[in-house]
Amino acid sequence: MSYIPGQPVTAVVQRVEIHKLRQGENLILGFSIGGGIDQDPTQNPFSEDKTDKGIYVTRVTEGGPAEIAGLQVGDKIMQVNGWDMTMVTHDQARKRLTKRNEEVVRLLVTRHSLQKAVQQSMMS
């Protein structure tokens, strides 16, 4: 998915609702992220567009809350609890995901398989 800065982003998205797992004082999501506007987009293995500075899921813990909710490695996070994640730094994304007072994280994600399925259905 590529886009032109300053233009609206069109994407096929899926909702993913993650219920954080409490471990002592911590609330665990069970996934890691990469990317952000402060990172080198050419190092992103999940984006075909090497100028894409989005936030991507880089690891999902087996059996963890994120996997149970259906999150997948390579998913691009578009929103977290209604907040736009398309133009944030890596640290801003991490802080938004790990807010202590939120036990549920609602994501809008896009993934290549969703995009391809829609493109194929439009061609038939």
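The rules behind the values
Residues numbered from 1 in each chain as written. Predicted model: local features only at pLDDT ≥ 70, side-chain atom pairs only at ≥ 80, totals over all residues. Heavy atoms only, no water. Core = buried A, V, L, I, M, F, W, Y, C linked by side-chain atoms within 4.5 Å. Buried < 20%, exposed > 50% of the residue type's maximum accessible area, 1.4 Å probe, protein only. Helix = DSSP H or I, 4+ residues; strand = E, 2+ residues; numbered from the N terminus. Contact = heavy atoms within 4.5 Å. 1 Å grid on protein atoms, 1.4 Å probe; cavity = no way out; pocket = protein on both sides within 12 Å on 5 of 7 lines; lining within 4 Å. Points joined across faces, edges and corners; volume = space filled by probe spheres on them. Salt bridge = Lys/Arg side-chain N within 4 Å of Asp/Glu carboxyl O. Pairing = 2+ DSSP bridges. Phe/Tyr/Trp six-rings, centres within 6.5 Å; stacked < 30°, edge-to-face > 60°. Lys NZ or Arg CZ within 6 Å of the ring centre and 35° of its normal.

Core analysis: the largest hydrophobic core is formed by 19 residues, its most contacted members being Ile18, Phe31, Leu71, Ile77, Leu97 and Leu107. The set of elements that each furnish at least two residues to this core consists of strand 1 (14-19), strand 4 (31-35), strand 5 (55-60), strand 6 (76-80), helix 2 (90-97) and strand 8 (104-110). Those residues in contact with leucine 107, other than ones at most four positions away along the chain, are Gln14, Arg15, Val16, Ile18, Phe31, Leu71, Ile77, Gln79, Val80 and Leu97.

Quantified by volume, the largest pocket comes out at close to 190 Å³. Every residue lining the largest pocket is listed: Lys20, Arg22, Glu25, Asn26, Leu27, Ile28, Leu29, Thr98, Lys99 and Arg100.

Applying the stated criterion across every chain, the model contains six salt bridges. Between arginine 22 and glutamate 103 there is a salt bridge, with the nearest N and O atoms lying 3.3 Å from each other. Taken together, the residues span a long stretch of sequence, with arginine 22 in strand 2 (residues 21-23) and glutamate 103 in the loop between helix 2 and strand 8 at a distance of 81 residues. The salt bridge partner of aspartate 91 is lysine 95, with a shortest N-O separation of 3.2 Å. With aspartate 91 and lysine 95 both in helix 2 and four residues apart, the pair spans about one turn of that helix.

Let us look at the pairing of strand 5. Taken together, the five bridges between strand 4 and strand 5 define a ladder with antiparallel strand orientation. Bridge pairing links glycine 34 to tyrosine 56 in strand 5. As paired strands, strand 5 and strand 6 are joined by two bridges and run antiparallel to one another. Bridging from a neighbouring strand, tyrosine 56 pairs with lysine 76 of strand 6.

For the structure shown, the criterion picks out one aromatic pair. Across from the ring centre of tryptophan 83, 3.9 Å away, lies the NZ or CZ of arginine 96, which sits over that ring.

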